[in-house]
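# A structural walkthrough
In case you want the letters, here they are:
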Amino acid sequence: MSEPAQQAAPAAPAVSEADIAQQERRRLLRFLLRLGHLLLATGAAAGMVETTLRRVAQNYQIKQFNTLALPTVVFVNFADEDASLQIEFTAEQGLVLRFDQVEATYELVRDAERSVIDPTEGLRRINAILAMPPPHRARWSVLGHVLATVGIALVIRPTADVVGAAATFGLVVGVLRLLSRRGGIVNTLLPMFCAFVVALLALLGARHGIAGSPIYVLVASLYTFLPGGTLAVATVELAYGDIVSGSTRFISGLLQLVFLMLGMLTAASIVGLPPERLLVPVSDAASRSWAPWLGVVLFAVGHWLHYSTTRRALPWVLALLFVAMAGQQLGNAVFGGYMSGFFAAVLITPASYIVQYRFAGPPSMVTFIPALWILVPGSLGLIGLAELVGNDRLAGVENFVTTLFSIVAIGLGSVVGTALYNMLFEPVFTRAGTMADIMLRYLKLRR
């Protein structure tokens, strides 16, 4: 008997063009959602994220497109050629990007705005950005935190005791930050734990006759936890009417200040010293006029090492830091201390846009956020909350209100700076082109 003939394998079901188109739309939707989350992780305001996604969507000739961005959620909906509505949203919490990843994110955004990127390729680039290894080794990151801490100390109180103590505590905090890179609940409690450790060491030193722990040392060593950038961006969002995003960020920033104070006061209760001993100010000493400028340089180098800023961005970051410092000192001389942050923000905001759009420099967030940090907008809040729970409650309330006013002033300064750029600089640059084009035209005229 002959063997039975083998049955033919069943043919694979045919995939219709409609199914392929549906899969492409889903990939596009996923690409836009993940791109929105990346932008939120850079610290960008929700309104800017929405505007960017709309510009990217225009390249794909979407009939109807709308998006809503919140601090941890992105909603996207659009209608295709057949008028079928596609709606999707995702929530992603705890995503924090290094500054080299921020630059890569904005490079992807620039490419997506200029030309159509295949959604699969876009998703691959997003995964590559998230998987980027740190450019510096761990020991260099800790050294960067120490240098940045010393830089802040030189800016706010350039005395030997403050700078020396800040360097020591900056090393401690840098090591703790390195050990907590895994994320999760550890990052949430890290500000309180670092404040507890720094305050405990400082108070134990004060008990044994070592110099006390002034507020300037605490602010310098804990500067990475001061939510000045978060509160300033929240103010910008509130000014533009993004109530949900703005209020969420604002409450988050205030809560982080409370975490810092809780850690310090816990340490004070263990050591047995009253809270006001934690904030004993140093005596005014003759300070060098060049010390703050040296502090800016050290802060820029430390920021480059600790936050993984690229080498290409380092000169621009340093330039914006000098603009911020000069603007703060000029604003303090002309308008007083309350408005110095406002005046500095008015200067650094258009400067960061000019660097990004006209000098082909790093994204504005890469240069703008460090410039905000050098203003230390959250430091007064740290003092105010500590005095609020200490004996001098009236001074605590006064300083806390002053802090809120200063933060709002910095945020409004950023709004005014953006408006000045749009009204004064953008029309001129639109007609003249980039700085490279201007220089080429000038050289041709010289010939």
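For the structure itself, consult the block above.
Here's what I pulled together on the structure shown here.

About the thresholds
- Residues numbered from 1 in each chain as written.
- Predicted model: local features only at pLDDT ≥ 70, side-chain atom pairs only at ≥ 80, totals over all residues.
- Heavy atoms only, no water.
- Helix = DSSP H or I, 4+ residues; strand = E, 2+ residues; numbered from the N terminus.
- Buried < 20%, exposed > 50% of the residue type's maximum accessible area, 1.4 Å probe, protein only.
- Contact = heavy atoms within 4.5 Å.
- Areas by Shrake-Rupley, 256 points an atom, 1.4 Å probe, with all protein chains shown as cover.
- Phe/Tyr/Trp six-rings, centres within 6.5 Å; stacked < 30°, edge-to-face > 60°.
- 1 Å grid on protein atoms, 1.4 Å probe; cavity = no way out; pocket = protein on both sides within 12 Å on 5 of 7 lines; lining within 4 Å.
- Points joined across faces, edges and corners; volume = space filled by probe spheres on them.
- Nonpolar A, V, L, I, M, F, W, Y, C, P; charged D, E, K, R; others polar.
- Axes fitted to C-alpha atoms, helices over the stretch in contact; angles between N-to-C directions.
- Parallel < 35°, antiparallel > 145°, perpendicular 65-115°, else oblique.
- Core = buried A, V, L, I, M, F, W, Y, C linked by side-chain atoms within 4.5 Å.

## Things to note about the overall build of the protein
Tallying secondary structure elements over the protein gives 17 helices and 3 strands in all. The buried share of the protein, taken over its 447 residues, is 48%. Long-range contacts, defined as pairs at least 24 residues apart, comprise 73% of the intrachain contacts of the protein with a sequence gap of at least 6. Surface summary for the protein: the accessible area is close to 22100 Å², and the carbon and sulfur share equals 62%.

## So, the packing of aromatic side chains
If you walk through the whole model with that rule in mind, you get 7 aromatic pairs. With a centroid separation of 5.0 Å and 45 degrees between ring planes, the pair formed by Tyr307 and Trp373 is classed as tilted. Within this pair, whereas Tyr307 is found in the loop between α11 (291-306) and α12 (314-334), its partner Trp373 is found in helix α14 (residues 364-375), the two being separated by 66 residues in sequence. Summarising the burial analysis for this pair, Tyr307 and Trp373 share the class buried.

## Regarding the layout of surface pockets
By volume, the second largest pocket is sized at about 1300 Å³. In terms of lining, the second largest pocket is formed by 41 residues, of which the most central are Met48, Tyr353, Gln356, Tyr357 and Ser364. Counting residues per element, the ones that place at least two in the lining of the second largest pocket are α2 (46-58), α3 (99-114), α9 (228-239), α13 (337-358), α14 and α16 (393-432). A per-element tally of the lining of the second largest pocket places α3 first, with 7 residues. Its residues assigned to classes, the lining of the second largest pocket shows 20 nonpolar, 11 polar and 10 charged.

## Here's the deal with the packing of α3 against helix α4 (residues 119-130)
Orientation of α3 relative to α4, taken along the N-to-C sense of each, is 170 degrees, at an axis distance of 9 Å. As the angle between them shows, α3 and α4 are arranged roughly antiparallel. On α4, the residues touching Gln101, Ala104, Thr105, Glu107, Leu108 and Asp111 of α3 are Gly122, Arg125, Ile126, Ile129 and Leu130. Here the contact of α3 with α4 is composed, by residue class, of 5 nonpolar, 3 polar and 3 charged.

## Describing the side chain of Gln356
Within the secondary structure, Gln356 sits in helix α13. Excluding its chain neighbours within four sequence positions, the residues that come into contact with Gln356 are Tyr106, Gly361, Pro362, Pro363 and Ser364.

## Description of the nonpolar core
By size, the foremost hydrophobic cluster in this structure holds 95 residues, and its most contacted members are Phe31, Leu35, Phe65, Leu222, Phe299, Leu372 and Ile374. Sort the elements by how many residues they give to this core and helix α1 (residues 17-41) lands first, with 10 residues. Excluding anything up to four places from it in sequence, Phe299 contacts Leu147, Ala148, Gly151, Ile152, Tyr223, Leu321, Pro370, Trp373 and Ile374.

## Some details on the packing of α3 against α14
Helix packing for two helices is described by the angle between their axes and how far apart those axes are. Two elements in contact, α3 and α14, have axes separated by 10 Å at closest approach and are oriented at 145 degrees. In this structure, α3 contributes Phe99, Val102, Glu103 and Tyr106 to the contact, and α14 contributes Met365, Val366, Ile369, Pro370 and Trp373. Considered class by class, the residues forming the contact of α3 with α14 number 8 nonpolar, no polar and 1 charged.

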